[in-house]
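Each chain is listed here by its residues.
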Number of protein chains: 4
Amino acid sequence: MEYSEKQLQIMKKAEKLFAEKGYNGTSVRDIAEKAGINLAMVSYYFGSKEKLLEAVFDYRIGMTKQLLSDILHKTNLSSLEKMNLLIDVYVKKIIEQQPFNKILAREQVVNTTGHTANLILQMKRTYMDTVLSLIREGQKKGEFQKHIDVSLLMTTIIGTANHLVTTKHYYRQLNNYEELSDEAFNKLIEKKLRNHIKFILKASLTYES
Amino acid sequence: MEYSEKQLQIMKKAEKLFAEKGYNGTSVRDIAEKAGINLAMVSYYFGSKEKLLEAVFDYRIGMTKQLLSDILHKTNLSSLEKMNLLIDVYVKKIIEQQPFNKILAREQVVNTTGHTANLILQMKRTYMDTVLSLIREGQKKGEFQKHIDVSLLMTTIIGTANHLVTTKHYYRQLNNYEELSDEAFNKLIEKKLRNHIKFILKASLTYES
Amino acid sequence: MEYSEKQLQIMKKAEKLFAEKGYNGTSVRDIAEKAGINLAMVSYYFGSKEKLLEAVFDYRIGMTKQLLSDILHKTNLSSLEKMNLLIDVYVKKIIEQQPFNKILAREQVVNTTGHTANLILQMKRTYMDTVLSLIREGQKKGEFQKHIDVSLLMTTIIGTANHLVTTKHYYRQLNNYEELSDEAFNKLIEKKLRNHIKFILKASLTYES
Amino acid sequence: MEYSEKQLQIMKKAEKLFAEKGYNGTSVRDIAEKAGINLAMVSYYFGSKEKLLEAVFDYRIGMTKQLLSDILHKTNLSSLEKMNLLIDVYVKKIIEQQPFNKILAREQVVNTTGHTANLILQMKRTYMDTVLSLIREGQKKGEFQKHIDVSLLMTTIIGTANHLVTTKHYYRQLNNYEELSDEAFNKLIEKKLRNHIKFILKASLTYES
DNA sequence: AATGAATGAGAATTCATTCAT
DNA sequence: TATGAATGAATTCTCATTCAT
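Residues numbered from 1 in each chain as written. Chains lettered and ligands numbered in written order. Predicted model: local features only at pLDDT ≥ 70, side-chain atom pairs only at ≥ 80, totals over all residues. Heavy atoms only, no water.

Draft legend 1. Quick look at the overall build of chain A. In terms of helices and strands, chain A carries 10 helices and zero strands. Secondary structure of chain A in N-to-C order comes out as α-α-α-α-α-α-α-α-α-α. Along the longest, intermediate and shortest principal axes, the C-alpha atoms of chain A span 60 × 40 × 30 Å. Across the 209 residues in chain A, those meeting the buried criterion constitute 52%. Relative to all contacts within chain A whose residues are 6 or more apart in sequence, the contacts with residues 24 or more apart total 67%. Surface summary for chain A: the accessible area is close to 9,900 Å², and the carbon and sulfur share equals 50%. Within chain A, the 24 negative side-chain charges are centred at a point lying 0 Å from the centre of the 31 positive side-chain charges. (Helix = DSSP H or I, 4+ residues; strand = E, 2+ residues; numbered from the N terminus. Buried < 20%, exposed > 50% of the residue type's maximum accessible area, 1.4 Å probe, protein only. Contact = heavy atoms within 4.5 Å. Areas by Shrake-Rupley, 256 points an atom, 1.4 Å probe, with all protein chains shown as cover. Lys, Arg positive; Asp, Glu negative; His and termini not counted. Charge placed at Lys NZ, Arg CZ, Asp CG, Glu CD.)

Draft legend 2. Quick peek at the environment of B:A32. Examined against the element boundaries, B:A32 turns out to sit in helix α2 (residues 28-35). Among all residues touching B:A32, those that are not within four sequence positions of it are B:I37, B:N38 and B:L39.

Draft legend 3. Expanded view of helix α2 (residues 28-35) of chain D. All names here are of chain D. Looking at α2, one finds that the buried residues are I31, A32 and A35. Projected down its long axis, α2 shows its buried positions confined to an angular sector of 95°, all on one face. Opposite the packed face of α2, turned more than 90 degrees from it, sit the exposed residues E33 and K34. On its buried side, α2 packs onto α1 (5-21) and α4 (49-72). Directly after α2, the chain includes G36, whose backbone phi takes a positive value near 65°. (Arc of directions from axis to C-beta.)

Draft legend 4. Geometry of helix α5 (residues 79-96) of chain A. With 18 residues, α5(A) ought to run about 26 Å at 1.5 Å a step, and its terminal C-alpha atoms sit 25 Å apart, in line with that. Every buried residue belonging to α5(A) is among A:S79, A:K82, A:M83, A:L86, A:I87, A:Y90, A:V91, A:K93, A:I94 and A:I95, and all of these are buried. (Expected span 1.5 Å × (residues − 1).)

Draft legend 5. A look at the protein's contact with DNA strand F. In the vicinity of DNA strand F there are 29 residues, among which B:M41, B:Y44, B:Y45, C:Y44 and C:Y45 approach most closely. What you see for DNA strand F is that sugar and phosphate hold 60% of its atoms within 4 Å of the protein. Residue B:Y45 places a side-chain N or O atom 2.5 Å away from a phosphate oxygen belonging to DNA strand F. The separation between a phosphate oxygen of DNA strand F and a polar main-chain atom of D:V28 is 2.9 Å. Elements with a minimum of two residues in the surface near DNA strand F: α2 (28-35) and α3 (40-46) of chain A, α3 (40-46) of chain B, α3 (40-46) of chain C together with α3 (40-46) of chain D. (Near = heavy atom within 4 Å. Polar contact = N/O pair within 3.5 Å; in protein donor to acceptor, adjacent residues only side chain to side chain.)

Draft legend 6. Geometry of the relation of the copies chain B and chain A. With an RMSD of 0.1 Å, chain B superimposes on chain A once it is rotated by 180° and translated 0.0 Å along the axis. Interpreted geometrically, this transformation is the action of a two-fold axis. Relative to the rotation axis, the closest C-alpha in chain B is found at B:G159, a distance of 2.1 Å. When you check the interface residues of chain B against chain A, 100% turn up at the interface there too, and the contact is symmetric in its surfaces. (Least-squares fit on C-alpha atoms with pLDDT ≥ 70 in both.)

Draft legend 7. Structural detail: the side chain of A:Q97. All names here are of chain A. Tracing the backbone shows Q97 in the loop between α5 and α6 (98-110). Residue Q97 is classed as buried on the basis of its relative accessible area of 8%. With sequence-adjacent residues up to four places away left out, Q97 is seen in contact with R60 and M63.

Draft legend 8. Fine view of the arrangement of the chains. A gap remains between chain A and chain C, with no contact made and the closest C-alpha atoms lying 21 Å from each other. Separated without contact, chain B and chain D have their nearest C-alpha atoms at a distance of 31 Å.

Draft legend 9. Examining the environment of A:K92 more closely. Relative to the helices and strands, A:K92 is located in helix α5. Taking the C-alpha atoms as reference, A:K92 lies 27 Å from A:I31; in sequence the two are 61 residues apart.

This is the structure we're talking about:
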């Protein structure tokens, strides 16, 4: 699905508002105002508010799939290197696409059916398959231990990243980072998150009971 | 803050609806209907829809604080035992209070100020202090390694539990648990989650670089 | 179905407006203004604009059925007397309920399915059964001729009355009755219509080829 | 008024939609889509939606006037023959132009002033004059009885035809013609209507009190 | 002659809340 | 304590029309 410049412009503003106030907390009026367009243009370009949300999901999840596909096709890397690259890319994406991640974090709770839920499931499957193949590779080479619950391990990685990003204002207060600029704080948590996830992974994958 | 029977009855129905459809997606009419009361009674008992949400938070977070306080005062346990008990209690709570956890997961994203945000911050601080003191204890005794980012470790624990519970319908599909009854599935993920978190904790706290 | 005073008040104003401007040409705002109530009360009392229209149909068609039932149960009358009474009552109803008749004339054209169409069909069946039994009675007694297409005869009676009433402004102009008051004109056409239909009926039912 | 091919194409589609959903129930978008043209072309070709409706009336009523004029000028026919021809032509027109007749039936109820109302009045006058002169002719020759209310007689003819055609779906159900094809059913009611109107006319015009 | 974008007005409906009883 | 009626604001969406190209 391709989107015109105008559509992308609207989608970006909508994404921001959905992230800040939630889908139901955002009115089409809000979006039209922020995007500097007439109220009726949202229906004109997307059909409805819900279709606009779906467009945002389409767009972002499409990007994500592309990222994952790119990594898998880097045939010159070892499985551990691929895993590390995957973490780097994933964390970078999470930090850069914070607004969409907030929407995703909220919508996947209540939206259990429909087009959006389908997209989310597809994305989760793609992640799962990618990680699964990487871990199997590592296990074959003896780099990783045998007893790994990949699904739960992924829940941990995604849950950690999601929770940090969606509740970063609490993390900031609890750790006294309030004097940092937004930019600096984002840089900081990106680095911390990347290292932390890699640490958790290494500890889990190489743990000897 | 004490709540009357009638208030608790309303709060319970509201909690369920907020969890299923989100705060903004739930109307006062919905709540009144489900609770079998007159529409105006919501305002009468709570003042407003938002105050009702706050009451739910008050109530649930109060319960959680009590739980944590109980654990800390069990002076006859070792720090590792306390930590394990904490996990048991936390996971049990997460599973039992899934509706509230869904609300919490959603509201903490958009609600960054106000009474609710304050309650959440307090709760997080309580968790943080509890875990911090347990880990310091364990480090003193040489049971845990020295370099632990407690805040991120907690992010991992909470993030893992939250993500599993709020997106459990996806977890179910991805792992082919669709034939299980709701009850059986809840039992299963409670056990899995408990073990997984303990494993992650042990692997992290005892990791040797 | 019983309607409260308030509902009847709204239905009456709505009926008038629907008759004057058509269902689609009338806004809920119009109705609320004319009825002197708040805009939201229409939804409150009827659920929706369409349900309000259905209520009007329910009410008026219910009245009509009652009228027909009353006539049929007058056992002391001959079939010709019953027929004449039926015409009198029918024409009186048509004249008195001109607004509803305009709505009916318009809606039965486009509304071919749904609750409203069902009501109309029921009413038509009731009329048909009534007239059919009266004519069969008259034929048995030898008062009426044998070859009568009752369905088309009814189409003629109803069509004549409908057409006169719904296009009476044209009838008025074509026959130079413009100086008459509304009341006087209504009186006039009621009498003319009654006699005309009786004449057509007599001529048709007793025609000898 | 002459219309271009393009205009006629649009008018035809518009006529169909107006008949099916009513004028107010049909959007310019609907028409543009059905006609396979750009939305703005409706305004371009007709000025407005209302002018488009007027064009349809212009066109159809112009055709009707032509038909009537043709009959009147057939000097070789007797008045009874002319009357019969008039019925044939009228019924044929009613059946063939059902969509326009539905529009007419609806619009003449609510549209009591303006260009459209004028056109309708003109047409009615033309019909009236035609029938009046035919009946006067017949009365002079002694073929018809003296006391005839021509205006009401015409109301009966037009009303009968209108009612049958605009509510033919009910007629179909009431008389169990549902298994007939549309085409066959139209053929059937055309024949029935023609005979019925002629019968009513003959019975009325020759009735002896 | 035709198009796609745009607009402002208006549509029906739902909302949380209040008030008199 | 409880109710049903009422309100005004806000919701999303559709409408006919216009305009620049």
